[in-house]
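For reference, the chains in residue letters:
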Amino acid sequence: RLLKRRSVAKALIENGAILCGGIPAKVGRHLREGDELEITLGQRKIRIRVLATTVRRVSKADARGLYEVLEERRSDAQPQEMDSGGPIDFLAGR
């Protein structure tokens, strides 16, 4: 699983942090095999391809087989005002 909870995924989608095929994703959109997603978690960006979908819950190990990581990168540039030295809030991009 890329995200632990659906509520986190929904918040990321609503904040424009998940793109599907280069277009901002929508909460109700169904994923299909071959879809490419770009997920931004603070300074980290992950690009994946959906290999399969399922209607039932699967284990964490089985979930890894449903997607393929195409690219993963971390931005080294961090704005100084955002570096508070405290915990990272990925929804706020810090």
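Not measured: the values here are computed from a predicted model. (Residues numbered from 1 in each chain as written. Predicted model: local features only at pLDDT ≥ 70, side-chain atom pairs only at ≥ 80, totals over all residues. Heavy atoms only, no water.)

Asks: So what about the environment of K26? Which residues, and what values?
Replies: Mapped onto the elements, K26 comes out in the loop between β2 (23–24) and β3 (36–41). Residue class for K26 comes out exposed when judged on its relative accessible area of 63%. It is 8.9 Å that separates the C-alpha atoms of K26 and G16, two residues lying 10 residues apart in sequence. (Helix = DSSP H or I, 4+ residues; strand = E, 2+ residues; numbered from the N terminus. Buried < 20%, exposed > 50% of the residue type's maximum accessible area, 1.4 Å probe, protein only.)

Asks: An account of the pattern of salt bridges is requested, with residue identities and associated values reported.
Replies: According to the stated counting rule, one finds nine salt bridges in the structure shown. In this structure, E71 and R47 form a salt bridge, with 3.4 Å as the shortest nitrogen-oxygen distance. Remark: R47 occurs in strand β4 (residues 44–50) and E71 occurs in strand β5 (residues 67–74); sequence separation between them is 24 residues. Here E71 falls in the partly exposed class, since its relative accessible area comes to 31%. Among the residues examined, R47 registers a relative accessible area of 28% and is labelled partly exposed. (Salt bridge = Lys/Arg side-chain N within 4 Å of Asp/Glu carboxyl O.)

Asks: Describe the side chain of D35, naming the residues involved and giving the relevant values.
Replies: Following the sequence through the fold, D35 ends up in the loop between β2 and β3. Looking at D35, its side chain comes within polar contact range of the side chain of R29, at 2.9 Å. Within the structure, D35 has its side chain in polar contact with the backbone nitrogen of R32 (distance 2.8 Å). (Polar contact = N/O pair within 3.5 Å; in protein donor to acceptor, adjacent residues only side chain to side chain.)

Asks: Go over the nonpolar core with me, naming the residues and quoting the values.
Replies: The biggest cluster of nonpolar side chains holds 14 residues, and the ones touching the most others in it are L3, L12, I18, A25, L41 and I48. Contributions of two or more residues to this core are made by α1 (6–14), β1 (18–20), β3 and β4. Residues in contact with A25, not counting those within four places in the same chain, are I13, I18, L19 and C20. (Core = buried A, V, L, I, M, F, W, Y, C linked by side-chain atoms within 4.5 Å. Contact = heavy atoms within 4.5 Å.)

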